[in-house]
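Each chain, letter by letter, is given below.
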Amino acid sequence: MVGYDPKADGRNISSFEVAVAGSVSGLVTRVMISPLDVIKIRFQLQIERLSRSDPGAKYHGILQAGRQILQEEGPTAFWKGHVPAQLLSIGYGAVQFLSFELLTELVHRATTYDARDFSVHFVCGGLSASAATLAVHPVDVLRTRFAAQGEPKVYKTLRDAVVTMYRTEGPLVFYKGLNPTLIAIFPYAGFQFSFYSALKHLHQWVLPAEGKKSENLKNLLCGSGAGVISKTLTYPLDLFKKRLQVGGFEQARATFGQVRSYRGLLDCAQQVLREEGPTGLFKGLSPSLLKAALSTGFVFFWYELFCNLFHHMKKGDS
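Predicted model, so just to flag it, every value in this text is computed and none were measured.

Our next topic: the overall build of the protein. Looking only at helices and strands, one finds nine helices and zero strands in the protein. The secondary structure elements of the protein, listed N-terminal to C-terminal, are α-α-α-α-α-α-α-α-α. Going through the 318 residues of the protein one by one, you find that 54% of them count as buried. Look at the contacts in the protein between residues 6 or more apart in sequence, and 80% of them connect residues 24 or more apart.

With that out of the way, let us pick up the packing of aromatic side chains. Taken as a whole and assessed by the stated rule, the structure comprises 15 aromatic pairs. Taken together, a centroid distance of 3.9 Å and an interplanar angle of 15° make the contact between Phe97 and Tyr303 stacked. Taken together, the positions of Phe97 in helix H3 (residues 82-110) and Tyr303 in helix H9 (residues 285-317) put the pair 206 residues apart, joining distant regions of the chain. Three or more aromatic residues link up through ring pairs in this structure, and these residues are Phe97, Phe100, Phe193, Tyr196, Phe300 and Tyr303. The cationic tip of Lys231 hangs over the ring face of Tyr188; the distance from NZ or CZ to the ring centre is 4.5 Å.

The final tally for this structure, using the stated rule, is 20 salt bridges. Where Arg30 meets Asp37, a salt bridge forms, and the shortest distance between an N and an O atom there is 2.9 Å. We note that Arg30, like Asp37, is buried. A salt bridge links Asp238 to Lys241, with the shortest nitrogen-to-oxygen separation between them at 3.6 Å. Taken together, the residues span about one helical turn, with Asp238 and Lys241 both in helix H7 (residues 215-245) at a distance of three residues.

Turning next to the packing of H7 against helix H8 (residues 265-276). Direction vectors running N to C along H7 and H8 enclose 105°, while the axes themselves pass 10 Å from each other. Considering the angle they form, H7 stands roughly perpendicular to H8. Contacts between H7 and H8 involve Leu239, Phe240, Arg243 and Leu244 on the former and, on the latter, Leu265, Cys268, Ala269, Val272 and Glu276. Residue composition of the contact of H7 with H8, by class: seven nonpolar, no polar and two charged.

By size, the foremost hydrophobic cluster in this structure holds 18 residues, and its most contacted members are Val2, Phe97, Phe193, Tyr196, Phe300 and Tyr303. When residues of this core are traced back to their parent elements, those giving at least two are helix H1 (15-45), H3, helix H4 (118-148), helix H6 (178-206), H7 and H9. The biggest single contributor to this core is H9, with five residues. Setting aside anything within four residues of it in sequence, one finds Phe97 in contact with Val2, Val18, Gly22, Ser25, Phe193, Val299, Phe300 and Tyr303.

On the surface, a cluster of nonpolar side chains totalling about 390 Å² of accessible area is made up of Leu27, Val31, Met32, Trp79 and Ile90. No other element matches H1, which puts three residues into the nonpolar patch. Its location among the elements puts Met32 in helix H1.

This part covers the confidence of the model for the protein. Summarising the model, the protein shows a mean pLDDT of 85, and 91% of its residues fall at 70 or more. Of all the helices and strands in the protein, H9 carries the lowest mean pLDDT, 85, while helix H2 (residues 62-73) carries the highest, 91.

What follows deals with the environment of Thr279. As for its placement among the helices and strands, Thr279 is situated in the loop between H8 and H9. We classify Thr279 as exposed; its relative accessible area is 63%. When the C-alpha positions of Thr279 and Arg49 are compared, they lie 8.9 Å apart, and in sequence the two are 230 residues distant.

Looking at Lys241, the relative accessible area reads 10%, which means it is buried. Not counting residues within four places of it along the chain, the set of residues in contact with Lys241 comprises Asp140, Gly177, Pro180 and Thr181.

This brings us to the side chain of Ser34. Its location among the elements puts Ser34 in helix H1. Leaving out residues up to four positions away in the same chain, Ser34 has contacts with Phe78, Trp79 and His82.

Okay, the packing of H1 against H2 next. As a packed pair, H1 and H2 sit with axes 10 Å apart at the nearest point and diverge in direction by 100°. Taken together, the axes of H1 and H2 lie roughly perpendicular to each other. Every residue of H2 that contacts H1 at Val38, Ile39, Arg42 and Phe43 is listed here: Ile62, Ala65, Gly66, Ile69 and Glu73. Grouping the constituent residues of the contact of H1 with H2 by class yields six nonpolar, one polar and two charged.

On to the environment of Ser51. Positionally, Ser51 belongs in the loop between H1 and H2. The sequence separation of Ser51 and Gly61 amounts to ten residues, and the corresponding C-alpha distance is 7.6 Å. Once residues within four sequence positions are removed from consideration, Ser51 is found in contact with Ala57, Tyr59 and His60.

On to helix H5 (residues 158-169), then. If you check H5, its first and last C-alpha atoms are 16 Å apart, about what twelve residues at 1.5 Å a residue would give, namely 16 Å. Of all the positions in H5, only Ala161, Thr164 and Met165 are classed as buried. Along the axis of H5, the buried positions cluster into a sector of 100°, meaning they face one direction only. Of the residues in H5, the exposed ones pointing more than 90 degrees away from the buried face are Arg159 and Arg167. Along its buried surface, H5 packs onto H4. A positive backbone phi angle near 85° is found at Gly170, which sits one or two residues after H5.

So, how was this worked out
- Residues numbered from 1 in each chain as written.
- Predicted model: local features only at pLDDT ≥ 70, side-chain atom pairs only at ≥ 80, totals over all residues.
- Heavy atoms only, no water.
- Helix = DSSP H or I, 4+ residues; strand = E, 2+ residues; numbered from the N terminus.
- Buried < 20%, exposed > 50% of the residue type's maximum accessible area, 1.4 Å probe, protein only.
- Contact = heavy atoms within 4.5 Å.
- Phe/Tyr/Trp six-rings, centres within 6.5 Å; stacked < 30°, edge-to-face > 60°.
- Lys NZ or Arg CZ within 6 Å of the ring centre and 35° of its normal.
- Salt bridge = Lys/Arg side-chain N within 4 Å of Asp/Glu carboxyl O.
- Axes fitted to C-alpha atoms, helices over the stretch in contact; angles between N-to-C directions.
- Parallel < 35°, antiparallel > 145°, perpendicular 65-115°, else oblique.
- Nonpolar A, V, L, I, M, F, W, Y, C, P; charged D, E, K, R; others polar.
- Core = buried A, V, L, I, M, F, W, Y, C linked by side-chain atoms within 4.5 Å.
- Patch = residues over 30% accessible without salt bridge, like charges linked within 9 Å, V, L, I, M, F, W, Y side chains within 5 Å.
- Areas by Shrake-Rupley, 256 points an atom, 1.4 Å probe, with all protein chains shown as cover.
- pLDDT = per-residue confidence, 0-100.
- Expected span 1.5 Å × (residues − 1).
- Arc of directions from axis to C-beta.

Written out as structure tokens, the structure is:
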């Protein structure tokens with residue numbers, strides 16, 4: 001079970017083990033979903049419509065984008081920015097899951113609320129994700145820059161990217177897009193944790209006889225469902241974040257089509273609505289939902305698996 005559960009059957013693992021489980025779950029999942037993440041970012045940054053009918057559109061579908069990226073940039077393009085992405089996943093997973101466990105335990109011990117309630121999981125999930133975001137946002141900006149650049153590359157290495165960005169755009173460049181990120185991440189992560197818990201309870205109510213037999217499959221399916229619901233509800237803010245993160249990076253985007261500059265979150269939202277219409281708010285939704293289903297499902301799957309592994313190792317030692 002994710003989060004503090006006073007009725008859990010004696011599962012007691014340390015804060016360090018919680019952080020390790022969160023880090024490893026993020027690391028393994030990131031390797032698996034990186035190609036979808038690259039395609040999603042390319043879609044989000046494209047000004048032109050994602051349609052064959054638009055002659056200026058570079059990408060118009062997941063399979064077409066995959067083939068074109070493979071043809072033009074090679075298979076390694078699907079793992080562009082993988083090093084900062086892995087640093088992001090490891091750090092984010094550790095801080096998020098550790099914070100969530102500590103916050104839900106605090107709610108149980110310091111208040112009259114049930115630590116397993118939907119609302120408690122929503123608030124604690126949002127706060128834990130906000131803390132994790134503040135800790136790793138500079139790495140997220142680096143990951144986005146690497147995934148967004150075409151050929152020839154503007155940044156050759158991670159060190160080159162950090163030095164160049166700092167020298168040309170100043171230290172605040174590493175927090176570009178932070179406002180929409182925090183605005184989006186609170187409800188997104190809150191819904192992830194609360195819907196994951198709710199879907200697990202629903203599964204248990206609908207199929208009580210399954211018991212422990214399909215526990216891992218249940219975690220995967222409930223995590224996937226929670227990811228799809230959460231991403232759909234908060235998607236436009238994720239698009240704004242990506243657009244703002246590549247501000248000042250226009251020269252590397254020239255080969256992909258039109259580029260735009262935005263003065264902030266509201267200006268970005270207004271320009272997208274004015275030039276691309278309401279559907280522009282959901283560019284890249286299809287690969288994003290596929291990615292959300294896989295990433296959230298596997299993050300919860302691996303996290304629960306490693307927590308149970310640590311628990312059984314302790315039982316075996318005692």
